[in-house]
Amino acid sequence: MLAQIRAAAVSLFLLTLLTGVAYPLLVTGVAKAAFTDRAEGSLIRKDGHVVGSRLLGQAFDDPKYFWGRPSATGPFPGNASSSSGSNLGPSNPALADAIAARVKALHDADPDNTAPVPIDLVTASGSGLDPHVSPASAEYQVARVSRARKLDPARVREIVAAHTEGPDLGVFGEARVNVVELNLALDDLERGR
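Student: Explain the overall build of the protein residue by residue, including any values.
Tutor: The secondary structure content of the protein amounts to six helices and five strands. Traced from its N-terminal end to its C-terminal end, the protein shows the element sequence α-α-β-β-α-β-α-α-β-β-α. Against the compact-globule benchmark of 16 Å for 193 residues, the protein has a radius of gyration of 22 Å, which places it well outside the compact range. Across its three principal directions, the C-alpha atoms of the protein cover 80 × 45 × 35 Å. A sequence separation of at least 24 residues applies to 58% of the contacts in the protein between residues at least 6 apart. Carbon together with sulfur atoms contributes 62% to the accessible area of the protein, which is approximately 11900 Å² in total.

Below, the structure written as structure tokens:
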């Protein structure tokens, strides 16, 4: 009996070292060597300071910025430690009320815009942290951002086009615009960088 307990304890110890220490260190090392930027969170640095991540959306509500997808995370939008969807179904009145409030906020920010509001500007993603919007959502906001920044809409469209990513490997997913990177590019343009 004692021999079996000893064998089990040794096996537990060795497997803990193998699967709990050696394997995670190996995977982390390979990830950092092969995908350095992604393994470290795809952080965006400006003037030596971290200002965001290419992988996490941020809440923007100033008219001079492009707005991203709404976030369903709590207790504040874009809370990476609370990644989740809202779990509100299509027949839930709370979802309809939230969408109506988001549509109203977009109309209040740009009352002259009579185009239909793209769905991804008023519905949260499954994670609540999506950093992208569709090209249609970016186009919907061009007039407001151009006016707020006193820029030619054609110039803003150029910057949007420069920050539009195609489908992964040319076929997976859809075209998308990273809102954080787009807004940082607009700030750099204003600063003359």
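Moving on from the coordinates now.
Student: Just give me the short version of the pattern of salt bridges, but keep the residues and values in it.
Tutor: Scanning the model with the defined rule gives 10 salt bridges in all. A salt bridge links K104 to D108, with the shortest nitrogen-to-oxygen separation between them at 2.7 Å. One end of the pair, K104, and the other, D108, are both in helix α3 (residues 93-109), four residues apart, so they sit about a helical turn from each other.

Student: Provide a residue-level description of a nonpolar patch on the surface, including the pertinent values.
Tutor: A grouping of V10, F13, L14, L17, V21 and L25 is seen on the molecular surface, where their side chains present a nonpolar patch of about 560 Å² in accessible area. Tracing the backbone shows F13 in helix α1 (residues 2-34). Relative accessible area serves as the criterion here: at 52%, F13 is assigned to the exposed category.

Student: How would you explain the environment of D61 if you had to name every residue and give the values?
Tutor: Note on placement: D61 falls in the loop between β2 (49-53) and α3. Residues D61 and S125 lie 64 residues apart in sequence; the distance between their C-alpha atoms is 18 Å.

Student: Go over the side chain of N183, please, and point to the residues and values.
Tutor: Note that N183 resides in helix α6 (residues 179-191). Apart from residues lying up to four places away in sequence, N183 is in contact with F60, Y65, F66 and R149.

Student: Summarise the layout of surface pockets; cite the residues concerned and give the values.
Tutor: Any empty space left between atoms is shown by rolling a water-sized probe over those atoms. In this structure, the largest pocket occupies an estimated 370 Å³ of space. Along the wall of the largest pocket there are 20 residues; nearest its centre are F60, G68, R69, P70 and S71. Sorting elements by how many residues they give to the lining of the largest pocket places α3 first, with three residues. Class assignment of the residues belonging to the lining of the largest pocket gives a composition of 10 nonpolar, six polar and four charged.

Student: Any details on the pairing of β2? Residues and values, ideally.
Tutor: Bridge count between strand β1 (residues 43-46) and β2: four bridges; the pairing is antiparallel. Bridge pairing links I44 to G52 in β2. The loop that links β1 with its antiparallel partner β2 comprises two residues; one of these, D47, has a positive phi angle of about 55 degrees.

Student: Go over the environment of L2 with me, naming the residues and quoting the values.
Tutor: Position of L2 relative to the elements: it lies in helix α1. Separated by 122 residues in the primary sequence, L2 and A124 have C-alpha atoms spaced 57 Å apart.

Student: Now, about the packing of aromatic side chains: what can you tell me, with residues and values included?
Tutor: Under the criterion given, the structure shown has one aromatic pair. Seen from their ring centres, F60 and Y65 are 5.3 Å apart, and the 35 degrees between their planes marks the pair as tilted. Comparing F60 with Y65 shows no difference in burial state: the two are buried. Sitting over the face of the ring of W67, R144 holds its NZ or CZ atom 4.4 Å from the ring centroid.

Student: Requested: an account of the packing of helix α4 (residues 135-149) against helix α5 (residues 153-162), with residues and values cited.
Tutor: Axis separation between α4 and α5 bottoms out at 9 Å; the angle between their running directions is 135 degrees. Put simply, α4 runs oblique to α5. Note that α4 runs across α5; the crossing there is right-handed. In this structure, α4 contributes A138, E139, V142 and S146 to the contact, and α5 contributes P153, V156, R157 and V160. Looking at the contact of α4 with α5 residue by residue, the classes come out as five nonpolar, one polar and two charged.

Each value, and the rule that gives it
- Residues numbered from 1 in each chain as written.
- Predicted model: local features only at pLDDT ≥ 70, side-chain atom pairs only at ≥ 80, totals over all residues.
- Heavy atoms only, no water.
- Helix = DSSP H or I, 4+ residues; strand = E, 2+ residues; numbered from the N terminus.
- Rg over C-alpha atoms; globule rule 2.2 N^0.38 Å.
- Contact = heavy atoms within 4.5 Å.
- Areas by Shrake-Rupley, 256 points an atom, 1.4 Å probe, with all protein chains shown as cover.
- Salt bridge = Lys/Arg side-chain N within 4 Å of Asp/Glu carboxyl O.
- Patch = residues over 30% accessible without salt bridge, like charges linked within 9 Å, V, L, I, M, F, W, Y side chains within 5 Å.
- Buried < 20%, exposed > 50% of the residue type's maximum accessible area, 1.4 Å probe, protein only.
- 1 Å grid on protein atoms, 1.4 Å probe; cavity = no way out; pocket = protein on both sides within 12 Å on 5 of 7 lines; lining within 4 Å.
- Points joined across faces, edges and corners; volume = space filled by probe spheres on them.
- Nonpolar A, V, L, I, M, F, W, Y, C, P; charged D, E, K, R; others polar.
- Pairing = 2+ DSSP bridges.
- Phe/Tyr/Trp six-rings, centres within 6.5 Å; stacked < 30°, edge-to-face > 60°.
- Lys NZ or Arg CZ within 6 Å of the ring centre and 35° of its normal.
- Axes fitted to C-alpha atoms, helices over the stretch in contact; angles between N-to-C directions.
- Parallel < 35°, antiparallel > 145°, perpendicular 65-115°, else oblique.
- Left-handed = near helix turned anticlockwise from the far one by under 90°.

Such coordinate-based values are descriptive only and should not be taken to indicate function.
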